[in-house]
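A closer look at the structure
Each chain, letter by letter, is given below.
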Amino acid sequence: MEFVEEHGKQARAKYMKLFRRCRIGHTPVSGFTQSAAALISGKALYLKRHLKQRTFFLRESGIEVAAVIAFLPHSAGIRSLGGLLAVQDLKLEAFHMLLDHVLDSLGGEFLMPLNGHANFGISAVSPTVQSDQITILTSHHTRGCEALFTYPGVKTTKTYFALTTRLDSARLTALRNEVRMPPNGFSTRPISFTNFRRDIAIHGELVNRTMQDLDYFEPMSIDENWDLMGASWPLITPSLFQFLMYEGKEVGFCLGMLDFNQLFGSSGDIVATLKALTMRYKITRGRIMSTGILPEFRGKNLMKYVRNKVLLEFAALSVREVESSYVDEVNENSLGNVRSKGGTVSHTFSVFRSLPRPAEAQARILTLA
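This section reports on the structure supplied with the text.

Calculation rules
Residues numbered from 1 in each chain as written. Predicted model: local features only at pLDDT ≥ 70, side-chain atom pairs only at ≥ 80, totals over all residues. Heavy atoms only, no water. Helix = DSSP H or I, 4+ residues; strand = E, 2+ residues; numbered from the N terminus. Buried < 20%, exposed > 50% of the residue type's maximum accessible area, 1.4 Å probe, protein only. Contact = heavy atoms within 4.5 Å. Areas by Shrake-Rupley, 256 points an atom, 1.4 Å probe, with all protein chains shown as cover. Core = buried A, V, L, I, M, F, W, Y, C linked by side-chain atoms within 4.5 Å. Phe/Tyr/Trp six-rings, centres within 6.5 Å; stacked < 30°, edge-to-face > 60°.

Section: the overall build of the protein
Helices and strands together make up the secondary structure of the protein, namely 14 helices and 12 strands. Per-residue burial for the protein yields a buried fraction of 53% across its 369 residues. Across the protein, contacts joining residues at least 24 apart in sequence account for 77% of those joining residues at least 6 apart. Accessible surface, the protein: about 16,600 Å² in total, of which carbon and sulfur atoms supply 53%.

Laid out in structure tokens, this is it:
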């Protein structure tokens with residue numbers, strides 16, 4: 001058993017080879033593999049400008065069996081570990097050895113989020129996660145993955161909730177009554193494919209302004225956001241991506257998305273794209289990926305109005321279950337908003353932080369290696 005750090009093209013090649021092995025042996029990570037690979041390999045503009053990546057592998061008998069990628073900011077910012085991979089039969093103790101090695105090699109504290117957004121790609125794969133319940137960018141539950149970080153030297157630092165709302169007939173009737181009269185001076189509009197780049201820029205600016213005070217948030221420039229979002233159009237349904245308007249100006253947004261993983265399974269990129277374009281009518285689950293409203297408009301139930309409209313748009317597409325993801329455990333407004341329409345906590349996502357390195361960590365590595 002040995003620890004190896006690889007660089008450049010060799011690191012990307014070995015990582016993708018291990019990824020394909022994990023994809024076969026584990027719960028499949030659904031389509032758009034190349035998009036995820038672009039993030040992991042550092043080709044994304046945001047990563048190039050702001051983060052240095054270091055890729056570490058654990059080898060057994062000369063074969064890579066686990067990987068961790070460290071994302072190191074060029075200046076001040078969040079240091080995180082992501083891109084976690086482990087073959088199905090790898091013992092937890094061996095994976096913990098790899099983490100110990102990475103943390104000891106780099107020093108300092110790291111965040112270890114079990115979600116796709118902060119991981120810039122693929123979350124930890126776990127055979128305990130049901131393949132038909134994997135959602136875009138993140139596993140349906142992280143409970144099966146949390147054992148990876150349940151050991152001395154790491155602690156849970158924050159929890160995010162996913163809440164599920166079932167769109168039965170009674171709930172839909174209540175929603176229609178609530179959105180019948182828009183708040184005075186306000187309206188909504190869907191994202192425009194005709195002016196897609198313009199609207200992605202508007203969305204990116206709103207994200208930066210509405211989320212700037214959130215923990216772990218890192219703003220993106222217009223071109224960095226376009227680099228990530230520009231190719232997302234096959235996954236976007238305009239009626240599910242609504243802007244809140246006030247006097248002709250966008251002041252908030254609600255981004256909903258069909259849960260394409262019901263279609264993708266373990267499909268590759270081309271087949272996944274074709275399914276997204278031609279078979280979306282078969283999808284019965286949806287997700288509200290993110291919401292945001294400018295500070296001066298908060299506390300007036302405006303976000304609730306936009307979200308209710310998006311829920312009705314989901315229902316019009318025959319979706320009967322909608323998940324609201326990444327709701328901070330301390331965000332009482334958002335939690336109350338979702339729960340007011342029958343949303344219940346369905347699963348959680350955790351962020352872990354490395355503790356000061358225990359003296360026995362290096363001894364454990366030397367002993368087991």
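Moving on from the coordinates now.
Let's talk about the nonpolar core
Counting 46 residues, the largest nonpolar core has Leu167, Phe243, Phe260 and Phe314 as its most contacted members. Of all elements in the fold, only helix 7 (169–179), helix 8 (196–210), strand 8 (241–246), strand 9 (249–258), strand 10 (285–293) and helix 12 (302–316) reach the threshold of two or more residues within this core. Counting residues per element, this core draws most heavily on helix 12, at nine residues. Ignoring sequence-local partners within four residues, the contact set of leucine 167 consists of Leu172, Leu175, Leu311, Phe314, Ala315, Val319, Arg320 and Val322. Phe19, Phe57, Leu103 and Phe110 belong to the second largest nonpolar core, which has 42 residues in total.

Examining the packing of aromatic side chains
This model, assessed by the stated rule, comprises six aromatic pairs. Note on phenylalanine 196 and tryptophan 226: the rings are 5.9 Å apart at their centroids and 65° apart in plane angle, and the pair reads as edge-to-face. Separated by 30 residues along the polypeptide, phenylalanine 196 in helix 8 and tryptophan 226 in helix 9 (residues 222–229) bring together distant segments of the chain. Clustering of aromatic rings is evident, with ring pairs tying together Phe186, Tyr246 and Phe297.

Read these as geometric descriptors, not functional statements.
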